[in-house]
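What follows is each chain in one-letter form.
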Number of protein chains: 2
Amino acid sequence: MAKRIITISREFGSGGRFIGEEVAKKLGIAYYDKDIIGRIAEQSGFAPEYIQENAELSPKKGLFAYAFSGRDITGKSVEDMVYEAQRKVILEIAEKESCVIIGRNADFILRDRADVLNVFIHGNMPEKVQRICRLYHVTEADAIKMINDTNKRRRANYNFYTEQKWGMAENYTLSLNSSVLGYDMCQKIIMDCVK
Amino acid sequence: MAKRIITISREFGSGGRFIGEEVAKKLGIAYYDKDIIGRIAEQSGFAPEYIQENAELSPKKGLFAYAFSGRDITGKSVEDMVYEAQRKVILEIAEKESCVIIGRNADFILRDRADVLNVFIHGNMPEKVQRICRLYHVTEADAIKMINDTNKRRRANYNFYTEQKWGMAENYTLSLNSSVLGYDMCQKIIMDCVK
């Protein structure tokens, strides 16, 4: 079946966001990344700033925070409510139009659709560090810390809500090392797979 | 750097071996799969039948067998000696010629070379079961058992000798779901990446 939705999961610093944005432009389809936050905020009633901080990343306290965070009378934590809003927004978007969706466990949320290409972009540490230094104007040591912390939180969020393991090849249709292949080749491969 | 060696790791039933063989034919380069066994036998002094059974798969007893199996005066087990012979053979082959190498932890063994494209081929259970039923003339239940057992032994062997996790996207340059993409598209992507 032809693929009309592309989800991009990615390691921090791997350029996955950039690759996804370029693919969306070249294919002339919608691109959802940070702009999805406003919709989740609307759906959930939480402030956009709160969603930005919480919808994709695990709480800074770590994975166990999910299990032990405060729950309302229905047994749902605030994180669960944000996640549920995010899930609804992603399902609606997928129903509505062809698009690229960055992160947010969209691969798992859309797992019952046959028209989704799930991509994971990863890379080698030296190239990821360089990229983060350049984009965020930080030292190498800070870049390494940012990469490790962000990936740790993405992993914890993904593993908690999907019961799959973040970064396992079997979750994705395609996994690509952007440091070895280059960003252009990653874009080409993704576009070849949706044609 | 241009890639002249392609390693293919694969889930049992995913068609990874077939895809690798086709790529080697189309590129006109050497293909190493079962024929590597004779060389490992020669190198190690063990019988080819023994290598066939042990060089890529963990002992049937399971992962802990590695740790507790009999060791000679140097502290090496028979499995370690076979693995060392396999490692030497793969390093020699890579030095000598462009080729496709199926399995045998070649991605890890050749990790210090920049001219290697590491590929992992995986697939969905229904398609893998169908393939194994057709190739081995077994029932679906037997196919499922074969798939699970073989992958378990490949995983145990890989994880023990590489200290990486079999099937994690980060180990490979490319990971492809052959059930979703089709064998032809997998071949095309691999060939595009070595051109």
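A brief report on the enclosed structure follows. (Residues numbered from 1 in each chain as written. Chains lettered and ligands numbered in written order. Predicted model: local features only at pLDDT ≥ 70, side-chain atom pairs only at ≥ 80, totals over all residues. Heavy atoms only, no water.)

1. Things to note about the packing of aromatic side chains
In step 1: All chains considered together, the criterion is met by 12 aromatic pairs over all chains.
In step 2: Between Phe-18 of chain A and Tyr-183 of chain A, the ring centres sit 5.8 Å apart and the planes meet at 45°, which makes this aromatic pair tilted. In this pair, Phe-18 of chain A sits in helix 1 (residues 16-27) while Tyr-183 of chain A sits in helix 10 (residues 183-194), placing the two residues 165 residues apart along the sequence.
In step 3: Considering the side-chain rings of Tyr-83 of chain B and Tyr-161 of chain B, the 3.9 Å spacing of their centres and the 5° angle between planes classify their relative orientation as stacked. (Phe/Tyr/Trp six-rings, centres within 6.5 Å; stacked < 30°, edge-to-face > 60°. Helix = DSSP H or I, 4+ residues; strand = E, 2+ residues; numbered from the N terminus.)

2. Examining the interface of chain B and chain A
In step 1: Contacts between the two partners involve 23 residues from chain B, matched on the other side by 23 residues from chain A.
In step 2: A buried area of about 1,600 Å², summed over both sides, lies between chain B and chain A, and 66% of it is on carbon and sulfur atoms.
In step 3: Of all residues in chain B, Met-168, Ala-169 and Thr-173 of chain B give up the largest surface area on contact with chain A, accounting jointly for 24% of the area buried on that side.
In step 4: In this structure, Asp-192 of chain A engages Lys-188 of chain B in a salt bridge whose closest nitrogen and oxygen atoms are separated by 3.4 Å.
In step 5: On the surface where chain B and chain A come into contact, there are 9 residue pairs in polar contact (both at pLDDT 80 or more).
In step 6: Elements represented by at least two residues in the side of chain B that touches chain A include exactly strand 4 (116-122), strand 5 (174-177), helix 9 (178-181) and helix 10 (183-194) of chain B.
In step 7: With 5 residues, helix 10 of chain B is the single largest residue contributor to the side of chain B that touches chain A. (Contact = heavy atoms within 4.5 Å. Buried area = accessible area lost by both parts, 1.4 Å probe. Salt bridge = Lys/Arg side-chain N within 4 Å of Asp/Glu carboxyl O. Polar contact = N/O pair within 3.5 Å; in protein donor to acceptor, adjacent residues only side chain to side chain.)

3. What to know about the relation of the copies chain B and chain A
In step 1: For the pair chain B and chain A, the relating rotation is 180°, the translation along its axis is 0.0 Å, and the fit reaches an RMSD of 0.0 Å. As the rotation angle and translation indicate, the two copies are arranged about a two-fold axis.
In step 2: Both copies contact each other with a shared surface, as 100% of the interface residues of chain B are interface residues in chain A too. (Least-squares fit on C-alpha atoms with pLDDT ≥ 70 in both.)

4. A few points about the packing of helix 1 of chain A against helix 10 of chain A
Residues and elements named next belong to chain A.
In step 1: Between helix 1 and helix 10, whose axes approach to 10 Å, the crossing angle comes to 50°. Here helix 1 is positioned oblique relative to helix 10, judged by the angle of their axes. Here helix 1 runs over helix 10; the crossing is right-handed. Packed against helix 1, whose contacting residues are Phe-18, Ile-19, Glu-22, Val-23, Lys-26 and Leu-27, the element helix 10 presents Tyr-183, Cys-186, Gln-187, Ile-190, Met-191 and Val-194 at the interface.
In step 2: For the contact of helix 1 with helix 10, the residue count by class is 9 nonpolar, 1 polar and 2 charged. (Axes fitted to C-alpha atoms, helices over the stretch in contact; angles between N-to-C directions. Parallel < 35°, antiparallel > 145°, perpendicular 65-115°, else oblique. Left-handed = near helix turned anticlockwise from the far one by under 90°. Nonpolar A, V, L, I, M, F, W, Y, C, P; charged D, E, K, R; others polar.)

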